[in-house]
Amino acid sequence: MSTQNIKISATAAANTTTTSATTPLTVGIDRISFATPHYYLNLEELAEHRGIDPNKFTIGIGQSEQSVPPNHQDIVTLAAQAAFPLLPYIDSNRLKMLIVGTESGVDASKSSALYVQNLLKLTPWVRSIEVKEACYGGTAALMMACDYVRAHAEKNPQVLVIAADIARYGLATPGEVTQGAGAVAMLVSANPHVLKINDDSVVKSADIQDFWRPVYQDTALARGKFSTEQYIQFFCEVWQKYCAQNDCNFSDFAGLCFHLPYTKMGLKALKAAMDSCANSCSDSCDNSNLSESSRNRLLSRYETSTKYSRRVGNIYTGSLYLGLLSLLELDEFTCENSDLTALKSGDKIGLFSYGSGAVGEFFSGTIAPGFRDALFAREHADMLDSRVHLSVADYEEMFESVAPYAPEDFESSTSCREGASFFLDDITSQERHYSAR
Ligand code: CAA
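Rules of the game
- Residues numbered from 1 in each chain as written.
- Predicted model: local features only at pLDDT ≥ 70, side-chain atom pairs only at ≥ 80, totals over all residues.
- Heavy atoms only, no water.
- UniProt positions renumbered as here; feature names shortened; annotations may be inferred.
- Phe/Tyr/Trp six-rings, centres within 6.5 Å; stacked < 30°, edge-to-face > 60°.
- Helix = DSSP H or I, 4+ residues; strand = E, 2+ residues; numbered from the N terminus.
- Buried < 20%, exposed > 50% of the residue type's maximum accessible area, 1.4 Å probe, protein only.
- Lys NZ or Arg CZ within 6 Å of the ring centre and 35° of its normal.
- Pairing = 2+ DSSP bridges.
- 1 Å grid on protein atoms, 1.4 Å probe; cavity = no way out; pocket = protein on both sides within 12 Å on 5 of 7 lines; lining within 4 Å.
- Points joined across faces, edges and corners; volume = space filled by probe spheres on them.
- Nonpolar A, V, L, I, M, F, W, Y, C, P; charged D, E, K, R; others polar.
- Near = heavy atom within 4 Å.
- Polar contact = N/O pair within 3.5 Å; in protein donor to acceptor, adjacent residues only side chain to side chain.
- Areas by Shrake-Rupley, 256 points an atom, 1.4 Å probe, with all protein chains shown as cover.
- Sits in = over half its atoms within 2 Å of the grid points.

- The name recorded for the protein chain in an unreviewed UniProt entry is Hydroxymethylglutaryl-CoA synthase, from Gardnerella swidsinskii.
- You can read under Sequence similarities (unreviewed entry) in the UniProt record for the protein chain the words "Belongs to the thiolase-like superfamily. HMG-CoA synthase family."

### Details of the packing of aromatic side chains
Okay, step 1: A complete count under the given rule lists 24 aromatic pairs for this structure.
Okay, step 2: Both rings, one in Tyr231 and one in Phe352, keep their centres 5.4 Å apart while their planes meet at 80 degrees; by these two values the pair is edge-to-face. Within this pair, whereas Tyr231 is found in helix α6 (residues 224–246), its partner Phe352 is found in strand β13 (residues 348–355), the two being separated by 121 residues in sequence.
Okay, step 3: Residue classification places Tyr231 among the buried residues on the basis of a relative accessible area of 1%.
Okay, step 4: On the accessibility criterion, Phe352 (0% relative accessible area) is buried.
Okay, step 5: In textbook terms, an aromatic cluster arises when at least three aromatic residues are bridged by ring pairs, as seen for Tyr231, Phe234, Phe235, Trp239, Tyr242, Phe250, Phe253, Phe258, Tyr302, Phe352, Tyr354 and Phe362.
Okay, step 6: Sitting over the face of the ring of Phe253, Lys348 holds its NZ or CZ atom 5.3 Å from the ring centroid.

### Quick notes on the pairing of strand β14 (residues 359–367)
Okay, step 1: Of all the nine residues making up β14, nine are buried; the element is thus mostly covered by neighbouring parts of the structure.
Okay, step 2: Because side chains alternate across β14, one face comprises the buried residues Val359, Glu361, Phe363, Gly365 and Ile367, and the other comprises Gly360, Phe362, Ser364 and Thr366, equally buried.
Okay, step 3: Taken together, the three bridges between strand β8 (residues 195–197) and β14 define a ladder with antiparallel strand orientation. Within β14, the position partnered with Ile197 by the bridge is Gly365.

### So, empty space enclosed by the protein
Okay, step 1: For the coordinates displayed, the defined rule picks out three cavities of 30 Å³ or more.
Okay, step 2: Forming the walls of the largest cavity are Gln66, Ser67, Val68, Pro69, Ile166, Ala167, Arg168, Gln179, Gly180, Tyr395 and Phe399.
Okay, step 3: Split by residue class, the lining of the largest cavity holds six nonpolar, four polar and one charged.
Okay, step 4: The calculated volume of the second largest cavity comes to roughly 40 Å³.
Okay, step 5: Taken together, Glu103, Ser104, Ile166, Arg168, Phe211, Arg213, Asp218, Ala220 and Tyr316 make up the lining of the second largest cavity.
Okay, step 6: Here the residues of the lining of the second largest cavity sort into four nonpolar, one polar and four charged.

### Comments concerning the site of the ligand
Okay, step 1: Looking at the ligand, there are 27 residues lining it, with Lys56, Pro174, Lys225, His259 and Lys268 nearest.
Okay, step 2: Measuring from an oxygen atom of the ligand, one finds a side-chain N or O atom of His259 at 2.8 Å.
Okay, step 3: Computed on the free molecule, the ligand has an accessible area of 1000 Å², of which 73% lies beneath the protein chains in the complex.
Okay, step 4: Here the ligand occupies the second largest pocket.
Okay, step 5: Of all elements in the fold, only α2 (54–61), α6 and α7 (263–280) reach the threshold of two or more residues within the shell around the ligand.
Okay, step 6: The biggest single contributor to the shell around the ligand is α6, with five residues.
Okay, step 7: When grouped by side-chain class, the residues that make up the shell around the ligand number twelve nonpolar, ten polar and five charged.

Structural data, given as structure tokens:
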């Protein structure tokens, strides 16, 4: 949808800057917040326990810690937890959609958004739905939200997008080191305070079998090597097309964020694209003059974007947005020790979303004025720093105590409830019951 010119009336709800008739409508992320379980596993300890060189996990894969959910947390409670800090910014009269992107949903029919809507006591006059396409679901939801806000600009609507997932591969599997749990909530509106989402994306879809999860099990199946190859190939293809379509190259970006199944993954894709561009760029992608300073800037900012994921693990649909948060919230501190100037209003960030199966999309966002004041950086740092360390034995016990994927009654543990405000209490006669603190 092309950029529109609108006039938001003087009666528009608080929180929005009144726009003149000639100001182009900007749409994007007004507020963004994340939640992760209060418990974590140290991956060097896991490596030692599994008889693996810890460097494989910390250097080869690029993960240091992994959030572990107690059995009272599922994607519904994590989604509610992530969105909770956004409640003061939600105007019930303007909220028109609640979209949860997830690939670890709790019901094959009912939308998890309905449980979240109830837990957060949101207005019933809202469209509450769930979208699925592996790790791409959060981006699908964000794009739908932006399109909705653009299409109904005269009503100045808000859309709440939540990307929530628990990544489970199984104990002692190759994917175990890339597990994780968490949710990212984004409030989407006109005149966003954090990131304007530009209408410039390039998306590719293809039916491939790199990673999937049949409905009868809660652990994912992956062709690990194949999935990493596909990720890289999708990135290189959408990046080249994006550059050709938008007449730009690496030097136009202050930073690039990637879907992060593990932190080494995006780096492999970025380096592959940089190297192929440096060596063989065609006229459709003028990156052949990738400068040393652009290369260093993008690699340095990539590193900053991975800091949260390195501690949380893969949160599937939310991973790209956890990377964005990491970059926006930590960049200033990283820049203090480097030649880089801290990110500022107007800087362009590139975002690559990949969902196995597979869909890959590259799009850009422009940083909003005063974005730092709209972030929850302190709260996120506290949440990560206050997590409780689990021994490998405790992690394994927690992992196996999860609500069963079977028609059995289940009662969640009443211990390990600190750090959480929303709980799955029980499943009785195949109905889930939730509560809030
Ligand atoms: N010191 C340092 N590095 C070491 C090392 C050591 N002692 N031992 C091994 N390494 C390196 C290897 O060289 C390798 O590096 P490169 O990839 O750069 O060559 C890296 O550690 C991993 O080693 P392996 O390839 O041998 O690891 P593995 O066979 O155990 O599998 C994995 C790794 C494929 C990522 C596996 O964890 C997995 O299947 N994960 C789930 C699937 C996944 O995350 N796919 C990502 C793309 S799909 C996607 O993005 C969607 C999604 O979210 C799932």
